[in-house]
Amino acid sequence: MFTLWTLVEASLLCLNAVCVLHEERFLAKFGWGGQQQNTEFGQPTAKAQILNLVRSIRTVAKIPLIFLNIIAIIFKLLLG
């Protein structure tokens, strides 16, 4: 059954996955490292914008994500 909680839980898991990605170890293997020049005609490419989004999510969501994970774990333990 698809509920609002499953949608929240799926988004929480996706945020966790984005925060765990390591640029030098994982993303650079696929050409998505931070060391490449990602501009075309002075405009950032889509790849550069996605990398900036990943970096900003990792920076901004790190501390709130800890508390959201704790709440999700407690919720799962209490209500199954």
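Residues numbered from 1 in each chain as written. Predicted model: local features only at pLDDT ≥ 70, side-chain atom pairs only at ≥ 80, totals over all residues. Heavy atoms only, no water.

Asks: Can you help me understand the UniProt feature "transmembrane region" (unreviewed entry) in the protein chain in this one?
Replies: Per the UniProt record, "transmembrane region" (unreviewed entry) is annotated on residues 61-79. A helix fraction of 95% and a strand fraction of 0% characterise residues 61-79, whose end C-alpha atoms lie 26 Å from each other. (UniProt positions renumbered as here; feature names shortened; annotations may be inferred. Helix = DSSP H or I, 4+ residues; strand = E, 2+ residues; numbered from the N terminus.)

Asks: Before we go on, may I ask you to explain the packing of helix H1 (residues 4-20) against helix H3 (residues 62-79) in this structure?
Replies: Two packed helices can be described by the angle between their axes and the distance between those axes. The geometry of H1 relative to H3 is characterised by a closest axis approach of 11 Å and an angle of 140° between their N-to-C directions. It follows from the interaxial angle that H1 and H3 lie oblique. As H1 runs across H3, the sense of the crossing is left-handed. Here Trp 5, Glu 9, Leu 12, Leu 15, Asn 16 and Cys 19 of H1 come into contact with H3, specifically with Leu 65, Leu 68, Asn 69, Ala 72, Phe 75 and Lys 76. (Axes fitted to C-alpha atoms, helices over the stretch in contact; angles between N-to-C directions. Parallel < 35°, antiparallel > 145°, perpendicular 65-115°, else oblique. Left-handed = near helix turned anticlockwise from the far one by under 90°. Contact = heavy atoms within 4.5 Å.)

Asks: Any chance you could explain the environment of Ala 61 here in plain terms?
Replies: Tracing the chain through its elements places Ala 61 in the loop between helix H2 (46-60) and H3. Ala 61 sits 50 residues away from Ser 11 along the chain, and the two C-alpha atoms are 12 Å apart.

Asks: Explain the environment of Ser 56 here, please?
Replies: The residue Ser 56 is located in helix H2 in this model. For the pair Ser 56 and Cys 19, spaced 37 residues apart in sequence, the C-alpha to C-alpha distance is 9.7 Å.

Asks: Mind showing me how you'd approach the confidence of the model for the protein chain here?
Replies: Low pLDDT means the predicted atomic positions in that stretch should not be read closely. When pLDDT is averaged along the protein chain, the result is 83, and 90% of the positions lie at 70 or above. The secondary structure element of the protein chain with the lowest average pLDDT is strand S1 (residues 39-40), at 62, and the one with the highest is H3, at 92. (pLDDT = per-residue confidence, 0-100.)

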